[in-house]
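Here are the chains, one letter per residue:
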Amino acid sequence: MAGNWKMYKTPAETKAFFETLLPLVAQSTHADMAICPPFVDIAAAVEAAAGSRVAVGGQNCEYRKEGAYTGEISAPMLKAAGCSCVIIGHSERRQYYGETDATVLLKTKAALESGLQAIVCVGELLADREAGKTNDVLTTQFDGGIAGLTPEEFAKIVIAYEPVWAIGTGKVATPEIAEDAHKVIRGLVAGKFGADAADKVRILYGGSVKPNNVKGLMEQPDIDGALVGGAALEAVSFSQLVNF
Ligand code: PGA
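Described in the following lines is the structure provided in the data block.

### Examining the packing of helix H1 (residues 11-25) against helix H2 (residues 42-49)
- Running from N to C, H1 and H2 cross one another at 25°; their axes reach a closest spacing of 8 Å. Viewed along their axes, H1 and H2 adopt a mutual orientation that is roughly parallel. At the point where H1 passes H2, the crossing takes the right-handed sense. Taking contact as the criterion, the partners of Pro11, Thr14, Phe18 and Leu22 in H1 are, on H2, Ala44, Ala45, Ala48 and Ala49.
- Broken down by class, the residue content of the contact of H1 with H2 amounts to seven nonpolar, one polar and no charged.

### Considerations on the nonpolar core
- In this structure, Ile146, Phe154 and Ile159 are the most contacted members of the largest nonpolar core, which totals 65 residues.
- The greatest single-element share of this core, amounting to six residues, is contributed by helix H9 (residues 175-193).
- With residues near it in sequence (within four places) discarded, Phe154 still touches Ile146, Leu149, Ile159, Val189, Phe193, Ala197 and Val201.
- If you look at the next biggest cluster of nonpolar residues, it comprises eleven residues, including Ala2, Ala34, Ile87 and Ile119.

### Observations concerning the packing of H1 against helix H12 (residues 235-242)
- Closest axis-to-axis distance for the H1/H12 pair is 9 Å, and the angle between their directions is 30°. In this view, H1 runs roughly parallel relative to H12, as classed from their interaxial angle. Here H1 runs over H12; the crossing is right-handed. Here Phe17, Thr20, Leu21, Leu24 and Val25 of H1 come into contact with H12, specifically with Ala235, Val236, Phe238, Ser239 and Val242.
- Across the contact of H1 with H12, the residue classes break down as eight nonpolar, two polar and no charged.

Calculation criteria
- Residues numbered from 1 in each chain as written.
- Predicted model: local features only at pLDDT ≥ 70, side-chain atom pairs only at ≥ 80, totals over all residues.
- Heavy atoms only, no water.
- Axes fitted to C-alpha atoms, helices over the stretch in contact; angles between N-to-C directions.
- Helix = DSSP H or I, 4+ residues; strand = E, 2+ residues; numbered from the N terminus.
- Parallel < 35°, antiparallel > 145°, perpendicular 65-115°, else oblique.
- Left-handed = near helix turned anticlockwise from the far one by under 90°.
- Contact = heavy atoms within 4.5 Å.
- Nonpolar A, V, L, I, M, F, W, Y, C, P; charged D, E, K, R; others polar.
- Core = buried A, V, L, I, M, F, W, Y, C linked by side-chain atoms within 4.5 Å.
- Buried < 20%, exposed > 50% of the residue type's maximum accessible area, 1.4 Å probe, protein only.

What follows is the structure, encoded as structure tokens:
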């Protein structure tokens, strides 16, 4: 269960979130948990989460290690700051900041090389879905990004299926729609990396996951977890997702 805070919260708010959250998930050994706050909150999150099972991750990284790249943060920097994972290729990064399948691949490799687990996002736009192109889009994103990993690299990633039309809109994909897409993605993994890799890879669903719909999604055989925006901003609600 991963929370993506997007551009919300200050360090003080981060500290308060973890103070409330940690007792609520202290027994939640059934799930791996991560919170991905804005860069400036990472230090506060790492300090607040120390000794707990809640990992801290970045929401993006630059694929170069260092250099004259104003405003960017590299994967080794995230690792040094105490992160253990990073979200790569979120649809908001693709939509507003020009990320492509090619940069997703470069960033994923950079993250893995730095010892971070990469949560690699794929997902179609509403127009794609309405045009019946969901599977084509997922295939293109997979082929241009994830398929460029070595099998060893692939074994260290988590995939997040995030239909863009369901993100922040309150329109959750039905468990059946999500399951269909997860099946397609698992099939792509099987084709490229083999049945064992397809079995093992964790595929998270993202897009308006809330405490009242998480259970139906998690009941699906190919949905292994959730990448959550809005409902991860509040500690009690995030704990309810973890403890679905
Ligand atoms: P949401 O965001 O849960 O607010 O829809 C999901 C995401 O973008 O990861």
